[in-house]
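# Coordinates in review
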Amino acid sequence: MQDADSKSAQGDFARAINLYEAALDDSENVRSAEIHYKLALLYDDKLNDPVSALHHFKRYLALSPNGPHASEVKNSMKHDEIAALTALSGDSVITRSEVARLRNENLNLHKELELRSASSRIVSEKSPGMNANPKKIASKNADRTYVVRSGDTLFSISRKFYKSPKRWKEILNANGKNIRDPKKLTVGETLVIP
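Model, not experiment: these values are computed from the prediction.

### Some words on the nonpolar core
Ranked by internal contacts, the top residues of the largest apolar core, which has 24 residues, are Tyr20, Leu39, Phe57 and Val73. Looking at this core, the elements that each hand over two or more residues are α2 (13–25), α3 (29–46), α4 (50–63) and α5 (70–89). Ignoring any residue separated from it by four or fewer positions in sequence, one finds Phe57 in contact with Tyr37, Ala40, Leu41, Asp44, Val73, Ser76, Met77 and Asp80.

Next up, the structure:
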């Protein structure tokens, strides 16, 4: 085992693995657990082989479930399981924290788009084109528009513009061709508010 430790320290990992495995053949359980732990570390840290590392981590826990490295081994196994799945599937596996980060980033981008859309709508309403027909401008000013945001319903939009949810049917009728399902509005859709 000392020779294996020495070879590992020198960077000769293949020889260290051979010596550790030879030591496994003629050792008692407590010593075997420690050898499996060292083999797992070599496979995990030096050879980037999560499958072999998992095997030796599991053997360590089987031989010494409450050993001095048990909690570290369990944490390493979680990491190696993800790494092994990624390597075996040929695809990337995304952790829950990364999914949460991406979801939050997506929500922030949607909010930013809504704000930009609303501000560009306000700018376009304030500055109609130079060649616009005055009659068309007057009719556009009579009907307002609203860009649907996340969580909006016809009731909430009616409440926002008319201070009452009862006029939701007027909004539906003014946008009848564009609204497929009155209960599910599409975020980013522009509605005419009569």
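Let us keep going from here.
### Here's the deal with the environment of Ala62
Position of Ala62 relative to the elements: it lies in helix α4. Spatially, the C-alpha atoms of Ala62 and Ala33 are 8.2 Å apart, while their sequence positions differ by 29 residues.

### Here's the deal with the packing of aromatic side chains
With the rule as written, the count across this model stands at three aromatic pairs. Lying across the ring of Tyr162, Arg167 places its NZ or CZ 3.7 Å from the centre.

### Focus on empty space enclosed by the protein
Applying the stated criterion across every chain yields a total of one cavity of 30 Å³ or more. By volume, the largest cavity amounts to about 40 Å³. Forming the boundary of the largest cavity are Glu114, Ala118, Arg121, Tyr146, Val147 and Arg149. Elements with a contribution of two residues or more to the lining of the largest cavity: α6 (96–126) and β1 (144–147). With three residues, α6 is the single largest residue contributor to the lining of the largest cavity.

### Re the confidence of the model for the chain
Predicted confidence across the chain gives a mean pLDDT of 82, with 83% of residues reaching 70 or more. Low pLDDT, under 50, characterises residues 130–141; the stretch is placed with two contacts to residues that sit more than four places away or in other chains.

### Points about the side chain of Glu189
Along the chain, the position of Glu189 falls in the loop between α9 (168–174) and β2 (190–193). We note that Glu189 is buried and unpaired, the nearest opposite charge coming from Arg180 at a distance of 6.9 Å. When sequence neighbours within four positions are dropped, the list of residues in contact with Glu189 reads Tyr146, Val147, Val148, Asn178 and Ile179.

Each value, and the rule that gives it
Residues numbered from 1 in each chain as written. Predicted model: local features only at pLDDT ≥ 70, side-chain atom pairs only at ≥ 80, totals over all residues. Heavy atoms only, no water. Core = buried A, V, L, I, M, F, W, Y, C linked by side-chain atoms within 4.5 Å. Buried < 20%, exposed > 50% of the residue type's maximum accessible area, 1.4 Å probe, protein only. Helix = DSSP H or I, 4+ residues; strand = E, 2+ residues; numbered from the N terminus. Contact = heavy atoms within 4.5 Å. Phe/Tyr/Trp six-rings, centres within 6.5 Å; stacked < 30°, edge-to-face > 60°. Lys NZ or Arg CZ within 6 Å of the ring centre and 35° of its normal. 1 Å grid on protein atoms, 1.4 Å probe; cavity = no way out; pocket = protein on both sides within 12 Å on 5 of 7 lines; lining within 4 Å. Points joined across faces, edges and corners; volume = space filled by probe spheres on them. pLDDT = per-residue confidence, 0-100. Lys, Arg positive; Asp, Glu negative; His and termini not counted. Salt bridge = Lys/Arg side-chain N within 4 Å of Asp/Glu carboxyl O.

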